[in-house]
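# Coordinate inspection notes
Listed below, chain by chain, are the residues.
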Amino acid sequence: MFSVFFTIVRRDVLLAMRRRTDVLTTLFFFIIVVSLFPLGIGAEKNTLRHIAPGVVWIAALLASMLALERLFENDYADGTLEQMLIAPQSLSVIVAAKVLTHWLLTGLPIVLIAPLVGLQYYLPSEAVVTMTQALMLGTPVLSLIGAIGAALTLGLRGGGILLSLLILPLYIPVLVYGAGAIAASMMAKAPVQPYFMLLGAFLILALIFAPWATAAALRISSE
Amino acid sequence: MTLKINWFKYASPASFYPLAGKMIPWFAAASALLFAVGLYWSFFKTPEVLSEQKQYYKIIFIHVPVVWMGMWLYLVMVVWSAIGLIFNTRLSFMMSAAIAPTGALFTFLGLLTGAIWGKTSWGTWWDWDPRLTSFLILLFLYIGYMALQSAIDDTRRSDRASALLLIVGMALIPVIYWSVNCPDPAQCTALHQRSGLGKIEGNILFAMLTMTLAVWMYSFVSILMRLRNIILERERNKDWVAQLPEVAQ
Amino acid sequence: MSISEFFSMGGYGAYVWVSFGATLLLMTTEILLVRSRRRAVVKRLRRLLRAGRPS
């Protein structure tokens with residue numbers, strides 16, 4: 001089971017590295033969205049500090065969603081997906097591998113670039129640390145849940161917009177608690193621990209259920 | 001023995017179609033009657049004002065029923081979709097599809113009456129109150145379902161994909177509701193104001209329940225009518241459709 | 001309570017009647033829409049039947 005997992009991760013990462021623009025576009029989208037808010041709302045320090053938690057998470061949501069369309073697209077187009085469906089290995093494992101790759105290429109870069117956002121939004125250092133940790137826990141959940149939507153909308157016209165319509169409501173808990181964690185870290189007496197426990201719980205639940213639901217969705221979409 | 005046969009008999013679109021047709025007038029009559037009683041009771045048998053709340057409180061007699069229906073119908077949709085996935089019955093999926101627009105309608109009305117209620121009692125049309133916000137999300141879930149349904153041409157894939165979406169949504173609704181209600185996990189418990197049904201004045205309770213039943217009966221009417229349309233469209237190649245009085249002429 | 005008092009609902013008449021009215025309006029519209037869709041479907045079925053039901 002693990003060999004399948006790692007083979008797929010390696011394969012997908014290699015494929016993505018060959019088309020590095022895909023990875024970079026998502027990252028730059030995140031940076032652009034984050035940079036747009038001060039331009040639109042005004043660069044007053046306190047305002048920026050105040051909206052930073054929400055802005056970071058919304059930008060992360062949108063960036064993650066943009067990249068989701070391509071999660072299964074290439075394999076669907078060239079027939080690899082069909083092979084995966086009839087392969088003896090568990091489809092959930094294959095899905096988990098693909099989602100991990102997706103996160104490595106979209107979520108992880110966002111986590112790594114987060115300190116830059118902290119700089120742009122005048123965040124204190126505890127907040128930046130919290131932000132990185134929260135994104136670390138939350139972005140995999142976004143990839144996992146998003147994969148379900150990507151599988152359901154496989155090959156449909158209007159795919160991207162439809163995908164957002166389906167997935168964004170489901171992202172709300174991650175948004176609320178992820179942003180809440182960062183906001184709490186900026187308030188003297190607010191404990192951040194409960195937020196991390198919740199985000200951690202979401203991650204565990206998503207790891208258990210999302211690949212299975214995605215596999216079911218893939219079967220439905222490919223019949 | 002007879003009951004079992006009847007159940008499977010009506011699980012086919014061909015036999016359910018005429019049955020639904022016969023049921024519609026009865027539900028319509030029940031709905032009209034319940035509305036008459038409910039409206040009369042709401043406006044004339046309940047107190048004119050309610051402590052600090054003036055006559056506008058009467059809005060709850062339409063707000064509460066439509067909200068309950070919005071939530072209830074989503075649940076019913078999930079059940080029918082699940083039945084369809086488990087037993088592979090086409091009619092269950094058709095039923096789920098028939099419910100969606102009505103459920104979305106009531107959810108929208110719930111938001112509208114909720115906003116009006118907010119305006120009268122708190123002074124603002126919208127204030128991201130957790131319940132209103134969760135209800136807005138419910139509307140998104142309905143719309144997502146209908147969008148996915150219409151985006152997929154192949155009926156089988158469409159039914160099953162929407163069913164899966166509903167089930168995923170259903171699993172996440174408690175989490176979503178909780179996160180909106182309780183954005184600060186450290187001090188969550190204080191937010192729940194339990195207003196037990198037992199404490200509501202008798203006439204008010206009766207009026208609310210009657211109106212809820214009235215709306216529920218109405219939903220049967222619109223859903224069954226829509227279901228018959230869906231059956232006709234999907235089964236258009238079958239002989240029994242060609243032999244229907246309205247078609248064969 | 002006089003009729004005019006009833007309609008004004010202590011000054012909140014607009015809110016109350018719009019709430020009930022919108023509900024009635026939308027429910028009626030829903031039924032009308034379903035009815036008209038039925039007519040369209042039946043009409044199409046008749047046409048298909050006459051054409052020998054190609055599909």
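See the structure above.
Reading the values: rules and limits
All chains use their own residue numbering, which begins from 1 and follows the written sequence. Throughout, the order in which chains and ligands are written sets their labels, letters from A for the former and numbers from 1 for the latter. Only residues with pLDDT of at least 70 are given local features in this predicted model, and only at 80 or more are side-chain atom pairs given and counted; all residues enter the totals for whole chains, interfaces and linings. Here, residue contact means that the backbone-derived C-beta atoms of the two residues sit within 7 Å. When residues are sorted by character, Ala, Val, Leu, Ile, Met, Phe, Trp, Tyr, Cys and Pro go into the nonpolar class, Asp, Glu, Lys and Arg into the charged class, and all the rest, Gly among them, into the polar class. A helix here means a DSSP run of H or I that spans at least four residues, while a strand means a run of E at least two residues long, and both kinds are numbered starting from the N terminus. Three exposure classes are used, all based on how many other C-beta atoms lie within 10 Å of a residue's own C-beta (placed from the backbone): buried at 20 or more, exposed at 12 or fewer, and partly exposed between those limits.

Glancing now at the arrangement of the chains. There are two pairs of chains in contact here, and the one with the most contacts is chains B and C. Kept free of each other, chain A and chain C leave a smallest C-alpha distance of 23 Å between them.

Below, the discussion takes up the interface of chain C and chain B. Every contact between the two is made by 25 residues of chain C and, on the other side, 30 residues of chain B. Looking at the side of chain C that touches chain B residue by residue, the classes come out as 16 nonpolar, four polar and five charged.

Another point: the interface of chain A and chain B. One frequent convention defines the size of an interface as the accessible area lost when the parts assemble. Taken together, the 25 residues of chain A in the interface contact 25 residues of chain B. Of all the secondary structure elements, the ones that give two or more residues to the side of chain A that touches chain B are helix H7 (125-152), helix H8 (159-185) and helix H9 (193-222) of chain A. Ranked by the residues each element gives to the side of chain A that touches chain B, the list is headed by H8(A), at ten residues. Partitioned by chemical class, the residues of the side of chain A that touches chain B number 21 nonpolar, three polar and one charged.

This part takes up unusual backbone geometry. In this structure, A:Tyr122 is a non-glycine residue whose phi angle is positive, near 55°. Considering the arrangement of structural elements, one finds A:Tyr122 in the loop between helix H6 (91-120) and H7. With 16 C-beta atoms packed within 10 Å, A:Tyr122 lands in the partly exposed category. Positive phi is not limited to glycine here, since B:Asn88 has a value of about 60°.

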